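# Residue-level structure breakdown
Single-letter residue listing:
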Amino acid sequence: MELLYASCVGVLVTCGVYLILRARTFPVVLGLTMLSYAVNLFLFSAGRLTINKAAVLGTGTDYADPLPQALVLTAIVIGFAMTAFVVILAIRGRADLGNDHVDGHLGKAEHKEHK
């Protein structure tokens, strides 16, 4: 189970980094979202991966640590707000610049039209 979990985190990080390096804004937003999912999974695994254990302290000695669960819940809310903010910035950049390139430079065709 740990190998599958680590592989999923690795694939999410790899895809997120690849998408962040793209030249358009929408893939960059998707890459940031995938990286935040990978970080959430990593934080969740910090509480030890256990199966059929209580989520909080109970009468037994084996339990899942509630702190990483609270951190992940908070990170999900903050990640949603960050994604909404970045999407609004991307829409505004597209409206102001006329294209959705991350660097904001005009392409050759657009550059000739503005001269």
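Residues numbered from 1 in each chain as written. Predicted model: local features only at pLDDT ≥ 70, side-chain atom pairs only at ≥ 80, totals over all residues. Heavy atoms only, no water.

Here we take up the UniProt feature "transmembrane region" (unreviewed entry) in the protein. Here, the residues flagged by UniProt with the feature "transmembrane region" (unreviewed entry) are residues 6-21, 28-51 and 71-91. With 94% helix and 0% strand, the stretch residues 6-21 has end C-alpha atoms that lie 23 Å from each other. Split by type, residues 71-91 is 100% helix and 0% strand. Its first and last C-alpha atoms lie 30 Å apart. (UniProt positions renumbered as here; feature names shortened; annotations may be inferred. Helix = DSSP H or I, 4+ residues; strand = E, 2+ residues; numbered from the N terminus.)

Attention now goes to helix α2 (residues 25-45). Count 3.6 residues to each turn of an α-helix, and residues three or four apart come out pointing the same way. The terminal C-alpha atoms of α2, which comprises 21 residues, lie 31 Å apart, in line with the 30 Å expected from a rise of 1.5 Å per residue. Elements in contact with the buried residues of α2: α1 (2-20) and α3 (66-97). (Expected span 1.5 Å × (residues − 1). Contact = heavy atoms within 4.5 Å.)

Attention now moves to a nonpolar patch on the surface. Taken together, the side chains of Val13, Val17 and Leu21 present a nonpolar region at the surface, about 260 Å² in accessible area. Residue position: Leu21 is located in the loop between α1 and α2. (Patch = residues over 30% accessible without salt bridge, like charges linked within 9 Å, V, L, I, M, F, W, Y side chains within 5 Å. Areas by Shrake-Rupley, 256 points an atom, 1.4 Å probe, with all protein chains shown as cover. Salt bridge = Lys/Arg side-chain N within 4 Å of Asp/Glu carboxyl O.)

Taking 1.5 Å of rise per residue, 19 residues should cover 27 Å, and α1 covers 27 Å from first to last C-alpha, within 8% of that figure. Turning to α1, its buried residues are Tyr5, Val9, Leu12, Gly16 and Leu19. Around the axis of α1, the buried residues are gathered within 100° of arc, so they sit on the same side. Across α1 from its buried face, at more than 90 degrees, point the exposed residues Leu3, Leu4 and Thr14. (Buried < 20%, exposed > 50% of the residue type's maximum accessible area, 1.4 Å probe, protein only. Arc of directions from axis to C-beta.)

The tally for this structure, following the rule as stated, stands at zero aromatic pairs. Between the NZ or CZ atom of Arg22 and the centre of the ring of Tyr18, over which it lies, the distance is 4.4 Å. (Phe/Tyr/Trp six-rings, centres within 6.5 Å; stacked < 30°, edge-to-face > 60°. Lys NZ or Arg CZ within 6 Å of the ring centre and 35° of its normal.)

Take Asn40: it is sitting in helix α2. Setting aside chain neighbours within four positions, we find Asn40 in contact with Val72, Ala75 and Ile76.

The next subject is the packing of α1 against α2. Put simply, α1 and α2 touch, their axes get as near as 7 Å, and they point 155° apart. With respect to each other, α1 and α2 are oriented roughly antiparallel. Of the two elements, α1 crosses α2, and the hand of that crossing is left-handed. Looking at the contact of α1 with α2 residue by residue, the class counts come to 19 nonpolar, three polar and no charged. (Axes fitted to C-alpha atoms, helices over the stretch in contact; angles between N-to-C directions. Parallel < 35°, antiparallel > 145°, perpendicular 65-115°, else oblique. Left-handed = near helix turned anticlockwise from the far one by under 90°. Nonpolar A, V, L, I, M, F, W, Y, C, P; charged D, E, K, R; others polar.)

Mapped onto the secondary structure, Ile20 falls in helix α1. Residue Ile20 is classed as partly exposed on the basis of its relative accessible area, which comes to 28%. Residues Ile20 and Thr33 lie 13 residues apart in sequence; the distance between their C-alpha atoms is 9.8 Å. Not counting the four nearest positions on each side in its chain, Ile20 is found in contact with Pro27, Val28, Gly31, Leu32 and Leu35.

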